[in-house]
Amino acid sequence: MSAKAGAVNRMDKLLHNPVSNFIDAALRGIAQVFFQDNPLTGLIFLIGIFISSYVAGFYMLLAVIVATGTAMLLGVSREQISKGLFGFNATLTGLALELYMKHNLILPPYVILAAIFVAIVTAFIQDALKPYQVPVLTSAFVLTTWLFIGALYSYGRIGGVSPLPVPHLPVNAPITTTTLTPNDAVLGFFNGVAQVFFQQDIWTGVAILVGVFINSRISCLAAVVGSLIGIGVAWALGGDAASVRAGLFGFNPVLTAVGLGGIYYSLSAKAAVPTVVMTIVAAVVTTVVYGTISTVLGPIGLPVLTSAFVFTTWVCLFATKSLTRLQAIPPNEATKPEHHLKATPQAKQR
Amino acid sequence: MSAKAGAVNRMDKLLHNPVSNFIDAALRGIAQVFFQDNPLTGLIFLIGIFISSYVAGFYMLLAVIVATGTAMLLGVSREQISKGLFGFNATLTGLALELYMKHNLILPPYVILAAIFVAIVTAFIQDALKPYQVPVLTSAFVLTTWLFIGALYSYGRIGGVSPLPVPHLPVNAPITTTTLTPNDAVLGFFNGVAQVFFQQDIWTGVAILVGVFINSRISCLAAVVGSLIGIGVAWALGGDAASVRAGLFGFNPVLTAVGLGGIYYSLSAKAAVPTVVMTIVAAVVTTVVYGTISTVLGPIGLPVLTSAFVFTTWVCLFATKSLTRLQAIPPNEATKPEHHLKATPQAKQR
Amino acid sequence: MSAKAGAVNRMDKLLHNPVSNFIDAALRGIAQVFFQDNPLTGLIFLIGIFISSYVAGFYMLLAVIVATGTAMLLGVSREQISKGLFGFNATLTGLALELYMKHNLILPPYVILAAIFVAIVTAFIQDALKPYQVPVLTSAFVLTTWLFIGALYSYGRIGGVSPLPVPHLPVNAPITTTTLTPNDAVLGFFNGVAQVFFQQDIWTGVAILVGVFINSRISCLAAVVGSLIGIGVAWALGGDAASVRAGLFGFNPVLTAVGLGGIYYSLSAKAAVPTVVMTIVAAVVTTVVYGTISTVLGPIGLPVLTSAFVFTTWVCLFATKSLTRLQAIPPNEATKPEHHLKATPQAKQR
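First, a word on what this report is: a plain description of the structure on this page. (Residues numbered from 1 in each chain as written. Chains lettered and ligands numbered in written order. Predicted model: local features only at pLDDT ≥ 70, side-chain atom pairs only at ≥ 80, totals over all residues. Heavy atoms only, no water.)

1. Thoughts on the overall build of chain A
For the record, the criterion: Here a helix means four or more residues in a row that DSSP labels H or I, a strand means two or more in a row labelled E, and each is numbered from the N terminus. The quantity called the radius of gyration is restricted to C-alpha atoms. Its globule counterpart is 2.2 Å times the number of residues to the power 0.38. The rule is simple: take the accessible area with a 1.4 Å probe, protein chains only, and divide by the maximum for that residue type; under 20% is buried, over 50% is exposed, in between is partly exposed. Note on definitions: a residue-residue contact is assigned when non-hydrogen atoms from the two residues lie within 4.5 Å. Exposure was quantified through the Shrake-Rupley algorithm and a 1.4 Å probe, taking into account, for residues, occlusion by the shown protein chains and nothing else. The charge count includes Lys and Arg as positive and Asp and Glu as negative, but it does not include His or the ends of the chains. Taken as the charge location is NZ of Lys, CZ of Arg, CG of Asp or CD of Glu.
Across its full length, chain A holds 16 helices and zero strands. Relative to the globule expectation of 20 Å for 350 residues, the C-alpha radius of gyration of chain A, 19 Å, shows essentially globular dimensions. If one aligns the C-alpha atoms of chain A with their principal axes, the spans along those axes are about 55 × 45 × 40 Å. For chain A, the residues scored as buried account for 65% of the 350 residues in total. Considering only intrachain contacts with a sequence separation of at least 6, the fraction spanning at least 24 residues in chain A is 74%. In the form shown here, chain A has an accessible surface area of approximately 12400 Å², with 69% of it arising from carbon and sulfur atoms. Between the mean site of the 18 positive side-chain charges and the mean site of the 11 negative ones, chain A shows a separation of 8 Å.

This is the structure we're talking about:
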């Protein structure tokens, strides 16, 4: 509760009936894509998506509503639902299906089925990871989306869509040195943020950064650093300039940097230096891994989505029992970076 | 014990020597493919397979005998062996190798090696899943079979076989609407059941349904519903009509429906509605996932086997800690749907 | 401590300052590739690599030093570091990147990044496997190497390298019978040992066997048996003769045989027969699995590395709770086969 700004507190007072509680949970579900537990952030993200595409916004809302409802009906704890933890994977699944599937009469029920299933998958991964105190992240979205779009190669009525990468055997990348203009870098920077929501639109990127900023300055800074790392590493390793511009190398390290930089690792005095170093290393590795996963998925024509972020972040969070210099925050205690700074002394007393 | 019909009880009295105990365990191993702990069911299944193919029946028996023996020699608990829990994965592995491998002098020792290994893999997965109270299902069969048939692309003396899918890059499915005649639907319905044992034969399908029916009416009903869902979803999404007819879209949802519909979820009063809904959703998703896994396996030329069932069912069973409306049955307490109905009041008292 | 030979003990007395401790840890890191906790063994391995290639030796040293240093800075326990447990995966990662990547100015920092990450991945897998008491083996090397070389298909400045298998769809192996001359068998035998370190050089193979022998006669015998099994199985199944000669079918079963034959399974009186049988079965299956994994990796152009060993050995070690005839040694108690023989009576008293 204390995590919310004053304005949000006042909103909360107004929200006593189930309908408004549900709306609150759905908006937090959108905000949790960036680990932010704040309905206002979710609302700004929503506006940012609508700036870019109405249809995308519609399927995103449909999915987050269905998944949140499914979680309620199947008996997920109130606390998790109200924090939006059963919404953010659905948010992204709705956007992905809108982007990759054919738009016909089968799409709405198909998105509804996927949204029901993503809630179950979220519960599955959460329960599987419980002994390790590692969060679900966007793994439920990645898995569900792969399952539901991979089927379009097998079933004729949902197939025939263009934005998916054409299945191909990997070929050695041509030996290039990426030349980036300042203009490319600026486009890549904002698109890298917007691509988290599958959008390629500078203003969507700006809206997302604003939405993060109003809830956590540290998270916003981490997002900025993550997007810059994505561009920098792709440039250094010779990544394709058009993809840099489109923000494709950026959205995974953006999420890694926000997730590790204060949300699931504490930035408190003692752990600050190792956390910053690990976050930067992880964001760099995430960009490398993005390239590898796109190699691996090449022959089956599936997109990387946020799998590079999920993988690298899981590696780092699982490792914290052995890596004692880092201070991991358990999933159910994670609120926002600023809180973990203050909470540390108490945590030490235990 | 109380799970057995009168006739079976009388058989048990006759079976006191090790040989007959072993036969009993092997027959239950065959029956457990459909989660049925009943030697008579296994015998009927065995007859059903022999109706379709003597050679298949031979390799199935060889594998189930070797695996059951291996489990005994390596010290698996008596209870698990006598329930057939170390037999059913071998049953399917024997059938799969018979179908996909070249028939030469190397095949019998190769099947024996695979049957030894599938017993070890069953122990591996059982021990890995123990903290989660989730059953092995047919995962040991899927894994072992992939490992043993995937090698035929690398080793000349076991290679050169036809029924495997030719390695290929996925192509967008042609935009079709599947037209099914009533005849197609009936063939698809029974073949969907028979394909669990890799057979395409209506009478094998009938025998299997009879074998399930004599042990559990609820499981039989679930199998019927699962096969219908497979046909229905494949038709709705535009699946290939010849594959529908051959039962290829059916065998995975059949197993999902039987597994979740009463065996590992209780159908007791309180949980009945969520269980039925979840079972139907899971069977529908299994059919979608079947399409995706066949996309993913396309480039490496391996068959889907029952992986779509294993995956979807695991997702649902792992999730039951968070999804509190469902009542999961732990693997070592799972007997048959009818028992779980009665047992529930006692379970609540705990 | 008692595991060390007299000579090594005297070395230990000399080594009291941090620098020599670090050197000791790094050398053990090299020796641990063969599960040997002995700096002299590591030194002999190092010489063996330098016999084959100076550049390979350089990158190997760079990686093991960086990874050991990273583990220290991130707070890994002293005991694990001094045993070389955070070094051996890096040792192999350095060798693999040297072999598969383009040699340019990006390579040294790229290897350093990979070495930092492999230390984190080692911690990740160790922590993930902790509830199961199963060791990391070379999984951290396999994963990190795949991630770092897979990227060369996506990034132009690191791409364009030849020794990687060209991405291809698997084709049924031509029906052949492998004819091996005695000369082929001898070459294959020593190269099978040397290929653990990516070298194809008889004298490297000899040096490695000597290094293992001075620490453990049983491990040396297991390595010999493993290499022979690799050749024998590949010959029986019709594997490619040139690959047999190069030792490619050998290095995975070599590691499986050493790992299971005395290190992680006890060879004490009661468990001796099942352990020997299981070790042989596992080494045979490892060779089959090598063929399958190379099929699976064909379309994405990645090498098998030691994944066949890791997979098969994990299966066997996870299974030991159910397979009660085998006596597994927990990772932090594993020293060397000869010790476990003596230690058993005490273990029984507990």
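Moving on from the coordinates now.
2. A short note on the relation of the copies chain A and chain B
For clarity, the cut-off: Least squares is the method for superposing the copies, and the C-alpha atoms it fits come from residues with pLDDT of at least 70 in both.
Aligned on chain B, chain A shows an RMSD of 0.0 Å; the corresponding rotation is 120° and the shift along the axis is 0.0 Å. Each copy turns onto its partner about a three-fold axis. When C-alpha distances to the rotation axis are compared across chain A, the minimum falls at Pro299 of chain A, with a value of 3.9 Å. When the interface residues of chain A are mapped onto chain B, a mere 8% of them are again interface residues, pointing to distinct binding faces.

3. Details of the relation of the copies chain A and chain C
Taken as rigid bodies, chain A and chain C are interconverted by a rotation of 120° and an axial shift of 0.0 Å, the fit giving an RMSD of 0.0 Å. Different-surface contact between copies: only 7% of interface residues of chain A are shared with the interface of chain C.

4. Overview of the packing of helix α7 (residues 107-129) of chain B against helix α8 (residues 139-150) of chain B
When two helices pack together, their arrangement is captured by the angle between the axes and the distance separating the axes. Residues and elements named next belong to chain B. Where we set the bar: For helices, the fitted axis covers only the stretch in contact; all axes are lines through C-alpha atoms, and the angles between them, taken along N-to-C directions, range from 0 to 180 degrees. Throughout this description, any angle smaller than 35 degrees is read as roughly parallel, any larger than 145 degrees as roughly antiparallel, any in the 65 to 115 degree range as roughly perpendicular, and the remainder as oblique. Crossings are assigned a handedness: left-handed for a near helix turned anticlockwise from the far helix by less than a right angle, right-handed for a clockwise turn. Residues were grouped as follows: Ala, Val, Leu, Ile, Met, Phe, Trp, Tyr, Cys and Pro as nonpolar; Asp, Glu, Lys and Arg as charged; and all remaining residues, including Gly, as polar.
Running from N to C, α7 and α8 cross one another at 140°; their axes reach a closest spacing of 9 Å. Judged by the inter-axis angle, α7 sits oblique to α8. The handedness of the crossing between α7 and α8 is right-handed. Packed against α7, whose contacting residues are Tyr110, Leu113, Ala114, Phe117, Val118, Val121, Thr122, Phe124 and Ile125, the element α8 presents Ser139, Ala140, Phe141, Leu143, Thr144, Leu147 and Phe148 at the interface. Tallied by class, residues from the contact of α7 with α8 come to 13 nonpolar, three polar and no charged.

5. Remarks on the packing of helix α9 (residues 182-194) of chain B against helix α11 (residues 217-237) of chain B
Residues and elements named next belong to chain B. Contact geometry of α9 with α11 gives a least axis separation of 9 Å together with a crossing angle of 125°. As the angle between them shows, α9 and α11 are arranged oblique. For the pair α9 and α11, the sense of crossing is right-handed. Together, Ala185, Gly188, Phe189, Gly192 and Val193 of α9 and Val224, Ser227, Leu228 and Ile231 of α11 make up the contact between the two elements. Considered class by class, the residues forming the contact of α9 with α11 number six nonpolar, three polar and no charged.

6. Some words on the nonpolar core
Put simply, the rule reads: We call a set of buried residues a nonpolar core when its members are Ala, Val, Leu, Ile, Met, Phe, Trp, Tyr or Cys and they connect through side-chain atoms within 4.5 Å of each other.
Phe34 and Phe197 of chain A, Phe34 and Phe197 of chain B together with Phe34 and Phe197 of chain C are the most contacted members of the largest nonpolar core, which totals 349 residues. Setting aside residues up to four positions removed in sequence, Phe34 of chain C forms contacts with Phe45, Val193, Val196, Phe197, Ile208, Val212, Val254, Leu255 and Val258 of chain C.

7. What about the interface of chain A and chain C?
For clarity, the threshold we go by: Computed with a 1.4 Å rolling probe, the buried area is the accessible surface lost when two parts are put together, summed over both parts. We define a salt bridge as a side-chain nitrogen of Lys or Arg found within 4 Å of a carboxyl oxygen belonging to Asp or Glu. Any pair of nitrogen or oxygen atoms within 3.5 Å is treated as a polar contact; in protein, a donor-acceptor pairing is required on top of that, and neighbouring residues in sequence qualify only through side-chain atoms on both sides.
Between chain A and chain C, the contact holds 45 residues from the first and 40 residues from the second. Between chain A and chain C lies a buried interface of about 3500 Å² when both sides are counted; carbon and sulfur atoms form 69% of it. Looking only at chain A, the three residues that lose the most surface to chain C are Asn172, Leu237 and Ser322 of chain A, adding up to 16% of its buried area. Counting across the chain A and chain C interface gives zero salt bridges. At the junction of chain A with chain C, the criterion picks out 19 residue pairs in polar contact (both at pLDDT 80 or more). Examining the composition of the side of chain A that touches chain C, we find that 13 residues originate from one element, helix α14 (residues 272-297) of chain A, more than from any other.

8. Remarks on the interface of chain A and chain B
With 39 residues of chain A at the interface, the matching set in chain B holds 45 residues. Together, Leu74, Tyr155 and Arg157 of chain A form the three largest contributors to the area buried by chain A at its contact with chain B, with a combined 21%. Summed over the shared surface of chain A and chain B, the number is zero salt bridges. Where chain A meets chain B, there are 19 residue pairs in polar contact (both at pLDDT 80 or more). Listing elements by their share of the side of chain A that touches chain B, those giving two or more residues are α7 (107-129) and α8 (139-150) of chain A. Examining the composition of the side of chain A that touches chain B, we find that 11 residues originate from one element, α7 of chain A, more than from any other.

9. Structural notes on helix α13 (residues 251-263) of chain C
An α-helical segment advances 3.6 residues per turn. Residues three or four places apart therefore align on the same side. The following threshold applies: A helix is expected to span 1.5 Å for every residue after the first.
With 13 residues, α13 of chain C ought to run about 18 Å at 1.5 Å a step, and its terminal C-alpha atoms sit 17 Å apart, in line with that. Extensive coverage of α13 of chain C is indicated by the burial of 13 of its 13 residues.

10. Thoughts on a nonpolar patch on the surface
Residue and element names in this part refer to chain A. Note the cut-off: A residue counts toward a patch only above 30% relative accessible area and without a salt bridge, and it is joined to like-charged neighbours within 9 Å or, for Val, Leu, Ile, Met, Phe, Trp and Tyr, to nonpolar neighbours within 5 Å.
A cluster of nonpolar residues, Leu43, Ile47, Ile51 and Trp203, forms a patch on the protein surface that exposes about 420 Å² of accessible area. Mapped onto the secondary structure, Leu43 falls in helix α3 (residues 39-52). Its relative accessible area of 36% is what places Leu43 among the partly exposed residues.

11. Topic: unusual backbone geometry
Glycine aside, residues mostly have negative phi, and peptide bonds are mostly found in the trans state. For Leu305 of chain B, which is not glycine, the phi torsion reads 55° and is therefore positive. Along the chain, Leu305 of chain B falls in the loop between α14 (272-297) and α15 (307-318). Judged by relative accessible area, which is 3%, Leu305 of chain B ranks as buried. One non-glycine residue, Phe35 of chain C, lies in positive phi territory at about 65°.

12. Digging into the side chain of Thr122 of chain A
Residue and element names in this part refer to chain A. Turning to its location among the elements, Thr122 is positioned in helix α7. What makes Thr122 buried here is its relative accessible area of 2%. For Thr122, the side chain forms a polar contact with the main-chain oxygen of Val118, separated by 2.7 Å. With residues up to four places along the chain from it excluded, the contact list for Thr122 reads Leu85, Phe86, Asn89, Val136 and Ala140.

13. Thoughts on helix α6 (residues 88-100) of chain B
All names here are of chain B. Look at α6: 19 Å from first C-alpha to last across 13 residues, which is about the 18 Å you get at 1.5 Å a residue. Counting buried positions along α6 gives 12 out of 13 residues, so the element sits mostly inside the fold. Among all positions in α6, only Phe88, Asn89, Ala90, Thr91, Leu92, Thr93, Gly94, Leu95, Ala96, Leu97, Glu98 and Tyr100 are buried. The elements touched by buried residues of α6 are α2 (18-31), α3 (39-52), α4 (54-73), α7 and α8.

14. What to know about the pattern of salt bridges
It is possible for side chains of opposite charge to pair when their charged atoms get near one another. Residues and elements named next belong to chain A. Within the structure shown, the criterion is met by 12 salt bridges over all chains. A salt bridge links Asp24 to Arg28; the shortest N-O distance between them is 2.8 Å. Residue Asp24 and its partner Arg28 are located together in helix α2 (residues 18-31), separated by four residues, close to a single helical turn. Classification of Asp24 by relative accessible area gives buried; the value is 10%.

15. Description of the environment of Glu98 of chain A
Residues and elements named next belong to chain A. Within the secondary structure, Glu98 is located in helix α6 (residues 88-100). Overall, Glu98 belongs to the buried group, its relative accessible area being 14%. Separated by 217 residues in sequence, Glu98 and Val315 place their C-alpha atoms 30 Å apart. Other than its neighbours up to four places away in sequence, Glu98 contacts Val55, Ala56, Tyr59 and His103.

16. With respect to the environment of Ala119 of chain C
Residues and elements named next belong to chain C. Residue position: Ala119 is located in helix α7 (residues 107-129). Separated by 158 residues in the primary sequence, Ala119 and Val277 have C-alpha atoms spaced 34 Å apart. Ignoring any residue separated from it by four or fewer positions in sequence, one finds Ala119 in contact with Ala67, Thr70, Ala71 and Phe86.

17. A short note on the side chain of Thr286 of chain B
Residue and element names in this part refer to chain B. When you line up the elements, Thr286 lands in helix α14. Accessibility expressed as a relative area gives 0% for Thr286, which makes it buried. Here Thr256 takes part through its side chain, which lies 3.0 Å from a polar atom of the side chain of Thr286. The contacts of Thr286, once residues within four sequence positions are left out, are Asn252, Pro253, Thr256, Ala308, Phe309 and Thr312.

18. Examining the packing of aromatic side chains
Note the following rule: Two rings belonging to Phe, Tyr or Trp (six-membered ring only in the last case) form a pair when the distance between their centres is within 6.5 Å. Interplanar angles under 30 degrees mark stacking, angles over 60 mark edge-to-face geometry, and anything in between is tilted. By definition, being over a ring means that NZ of Lys or CZ of Arg is both within 6 Å of the ring centre and within 35 degrees of the ring normal.
Per the stated rule, a full pass over the model turns up 51 aromatic pairs over all chains. With a centroid separation of 6.3 Å and an interplanar angle of 85°, the aromatic rings of Tyr100 of chain A and Phe198 of chain A are classed as edge-to-face. Residue Tyr100 of chain A is found in helix α6, and its partner Phe198 of chain A is found in the loop between α9 (182-194) and α10 (202-215); the two are separated by 98 residues along the sequence. Each member of the pair, Tyr100 of chain A as well as Phe198 of chain A, carries the same accessibility label: buried. Centroid distance Phe318 of chain A to Phe124 of chain C: 5.3 Å. Interplanar angle 65°. Geometry classified as edge-to-face. One end of the pair, Phe318 of chain A, is in helix α15 (residues 307-318); the other, Phe124 of chain C, is in helix α7, on a second chain. Here Phe318 of chain A falls in the buried class, since its relative accessible area comes to 9%. Each member of the aromatic cluster is reached from another via a ring pair, and the members are Tyr155 of chain A together with Phe249, Phe251 and Tyr290 of chain B. Here Arg217 of chain A stacks its cationic end above the ring of Phe213 of chain A, 4.8 Å away from the centre of that ring.

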